[in-house]
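In case you want the letters, here they are:
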Amino acid sequence: MTLNANSRELLRELKRSEWLPPYNVIFINAKVIIEIAQEDLVRQVVEEFLLLEKEITRKMTYCVLFCPKNIIKLPIDCFFCIANRTFEDVFPEHTAVQCGLVVNHQCLLRNKRCLIAYIHYRMKKIKALRWEIGTIIPAQLAENLSQNETQFLNKYDQLLTDYMANFELDLSSDLKPPKELYIEVRVLRDCGELMTESGLVNLEVHSQHFLRRVDVEQLIRQGLLEQIKR
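Cut-offs used in this document
Residues numbered from 1 in each chain as written. Predicted model: local features only at pLDDT ≥ 70, side-chain atom pairs only at ≥ 80, totals over all residues. Heavy atoms only, no water. Helix = DSSP H or I, 4+ residues; strand = E, 2+ residues; numbered from the N terminus. Contact = heavy atoms within 4.5 Å. Areas by Shrake-Rupley, 256 points an atom, 1.4 Å probe, with all protein chains shown as cover. Buried < 20%, exposed > 50% of the residue type's maximum accessible area, 1.4 Å probe, protein only. Salt bridge = Lys/Arg side-chain N within 4 Å of Asp/Glu carboxyl O. Phe/Tyr/Trp six-rings, centres within 6.5 Å; stacked < 30°, edge-to-face > 60°. pLDDT = per-residue confidence, 0-100.

Student: What exactly am I supposed to notice about the overall build of the protein here?
Tutor: Regarding its fold elements, the protein presents eight helices and seven strands. Summarising the internal contacts of the protein: among those between residues at least 6 apart in sequence, 59% fall at separations of at least 24. Per element, the accessible surface of the protein, about 14800 Å² overall, is 56% carbon and sulfur.

Student: Help me understand helix α8 (residues 213-221) in this model?
Tutor: In an α-helix there are 3.6 residues to a turn, and that puts residues three or four apart on one side. Along α8, the residues classified as buried are Arg213, Asp215, Val216, Glu217, Leu219 and Arg221. Residues of α8 that are buried in the fold lie against α5 (95-133), β3 (182-187), β4 (192-196), β5 (199-203), β6 (208-212) and β7 (225-227).

Student: What am I meant to see in the environment of Gln98 here?
Tutor: As for its placement among the helices and strands, Gln98 is situated in helix α5. Judged by its relative accessible area of 14%, Gln98 falls in the buried class.

Student: Looking at this model, I keep getting lost on the pattern of salt bridges. Mind explaining?
Tutor: In this structure the tally under the stated criterion is 11 salt bridges. Here Glu180 makes a salt bridge to Arg213, at a shortest N to O gap of 2.9 Å. Taken as a pair, Glu180 in the loop between α7 (147-167) and β3 and Arg213 in helix α8 lie far apart in primary sequence, 33 residues in all. Assessed through its relative accessible area of 32%, Glu180 is described here as partly exposed. Arg212 is the salt-bridge partner of Glu197, the closest N and O atoms lying 3.4 Å from each other. With Glu197 in the loop between β4 and β5 and Arg212 in strand β6, this residue pair connects regions lying 15 residues apart in the sequence. Overlapping salt bridges bring together Glu9, Arg12 and Arg16 as one network.

Student: Can you help me understand the packing of aromatic side chains in this one?
Tutor: Both the distance between ring centres and the angle between the ring planes are used here to describe each pair of aromatic rings. As enumerated under the stated definition, the model contains three aromatic pairs in all. Note on Phe152 and Tyr156: the rings are 6.1 Å apart at their centroids and 20 degrees apart in plane angle, and the pair reads as stacked. One end of the pair is Phe152 and the other is Tyr156, both in helix α7 and four residues apart, which spans about a single turn. A centroid spacing of 4.9 Å and a plane angle of 45 degrees characterise the contact between Tyr163 and Phe167, whose relative ring orientation is tilted. With a gap of four residues between them, Tyr163 and Phe167 both fall in helix α7, about one helical turn apart. Residue classification places Tyr163 among the partly exposed positions, given a relative accessible area of 45%. Of the residues examined, Phe167 reaches a relative accessible area of 54% and is grouped as exposed.

Student: What is the right way to read the confidence of the model for the protein from this model?
Tutor: Residue-level pLDDT values for the protein average 78, and 79% of them are 70 or greater. Ranking the elements of the protein by mean pLDDT puts strand β1 (residues 25-28) last with 40 and β3 first with 92. Contacts for the low-pLDDT stretch residues 24-39, under 50 throughout, to residues beyond four places or in other chains number 37 contacts. Across residues 70-84 the pLDDT falls below 50, and counting only partners more than four positions away or on other chains, this stretch makes 21 contacts in the model.

So this is what it looks like as structure tokens:
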């Protein structure tokens, strides 16, 4: 087994993806209940994590059993009794075990960091999606989210919506300073009627309009309209 190979691949998968890779299969273990990525990488990383934990426990137990100095000082099933002592104090005659414990422990910590980075990155992308597109998430993006991520997105959206409603301010408009207040747009998909300051505008497919940026910015982000740049 190549240690940490799956956790590295998990992060590479994020880098290769245009947005986020799928995260939609459920894996249930007696100790762990998680949702795993398309290629089971998260599950494999967690399984390796548990194997490393067992290996560390096995090596610690071995030294407690077979090191004469430890037989009297420590109970056989006491794992945490030696946690705050140095390897030299506890395992003076087991140099190979000392090295193995360090390697196993560092690999375990690396897997932990990779999993946290994976989840944190996905969370950041989900937040950014809400600001960029709005409340309506395209189906091709939503299908890559897990159930928990979908719930997170809905709660984040509700929190943001309530905050903006309290202050009567749309924070999601004009994320970048606009160069002009009015823009020319082309309708890519039929959007029906849109209420503007000038009245109702019928956004039929292939029609072109000259409208306030703030009125159509969300529709542009959702891919329903496109700005005509001249």
